[in-house]
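Structural overview
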Amino acid sequence: MSAKTRKARAPRHPDKPQAQTLGFSVQEEDRETLDELVDYFGGGNRSAYLRATYRIMKSIMLAEQLRELQAYGQQRSAALGIEAADVPDRIREFLKGKGDT
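Just so you know, these numbers come straight off a predicted model, no measurement behind them.

Examining the confidence of the model for the protein chain
On average, residues of the protein chain score 87 in pLDDT, and 84% of them reach the 70 mark or higher. When mean pLDDT is taken per element in the protein chain, helix α1 (residues 28-42) scores highest with 96 and helix α3 (residues 87-98) scores lowest with 90.

Here you go:
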């Protein structure tokens, strides 16, 4: 192959981590749905679809964790006899006291 017909390689950037190819399985009955989602969210590019998907799934995960924390806080407040309306004032009092140490 001559130098003129060789494909140019993209320059490597030492500061930028290289992407890794990962394999995963999809059930045959899910393939059509996957292809539809890849077309819609990734413009036909599976990697772009996956990047869009994990950003969304991360936000769902954080929302679930926040709901769990909120439920825990409500349970603890109820056990301590703290009314929901009193919480903001108690937080302010606590935060003011943190600077006193």
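Next, the rest of the story.
Let's talk about the packing of α1 against helix α2 (residues 46-80)
Two quantities define a packed helix pair, namely the angle between the helix axes and the distance between the axes. In the contact formed by α1 and α2, the axes pass within 8 Å of each other and the chain directions differ by 85 degrees. Relative to α2, the element α1 lies roughly perpendicular. Of α2, the residues touching α1 (which contributes R31, L34, D35, L37, V38, F41 and G42) are R46, A48, Y49 and A52.

Some words on the packing of aromatic side chains
All told, the structure shown has one aromatic pair when counted by the stated rule. Their ring planes at 80 degrees and their centres at 4.8 Å tell us that Y40 and F41 sit as a pair that is edge-to-face. According to the relative accessible area criterion, Y40 is exposed, its value standing at 67%.

Let's talk about the side chain of S77
Mapped onto the fold, S77 is located in helix α2. Apart from the residues within four sequence positions on either side, S77 is in contact with I82 and V87.

Concerning a nonpolar patch on the surface
Together, I56, M57 and I60 make up a nonpolar patch on the protein surface, roughly 270 Å² of accessible area in all. Note that I56 resides in helix α2.

Quick word on α2
Taking 1.5 Å of rise per residue, 35 residues should cover 51 Å, and α2 covers 51 Å from first to last C-alpha, within 8% of that figure. When α2 is considered as a whole, its buried residues turn out to be Y49, A52 and S77. Packing partners of the buried residues in α2 comprise α1 and α3. If you check the start of α2, you find a side-chain oxygen 2.8 Å away from the backbone N of S47, and it comes from N45.

Calculation criteria
Residues numbered from 1 in each chain as written. Predicted model: local features only at pLDDT ≥ 70, side-chain atom pairs only at ≥ 80, totals over all residues. Heavy atoms only, no water. pLDDT = per-residue confidence, 0-100. Helix = DSSP H or I, 4+ residues; strand = E, 2+ residues; numbered from the N terminus. Axes fitted to C-alpha atoms, helices over the stretch in contact; angles between N-to-C directions. Parallel < 35°, antiparallel > 145°, perpendicular 65-115°, else oblique. Contact = heavy atoms within 4.5 Å. Phe/Tyr/Trp six-rings, centres within 6.5 Å; stacked < 30°, edge-to-face > 60°. Buried < 20%, exposed > 50% of the residue type's maximum accessible area, 1.4 Å probe, protein only. Patch = residues over 30% accessible without salt bridge, like charges linked within 9 Å, V, L, I, M, F, W, Y side chains within 5 Å. Areas by Shrake-Rupley, 256 points an atom, 1.4 Å probe, with all protein chains shown as cover. Salt bridge = Lys/Arg side-chain N within 4 Å of Asp/Glu carboxyl O. Expected span 1.5 Å × (residues − 1). Polar contact = N/O pair within 3.5 Å; in protein donor to acceptor, adjacent residues only side chain to side chain.

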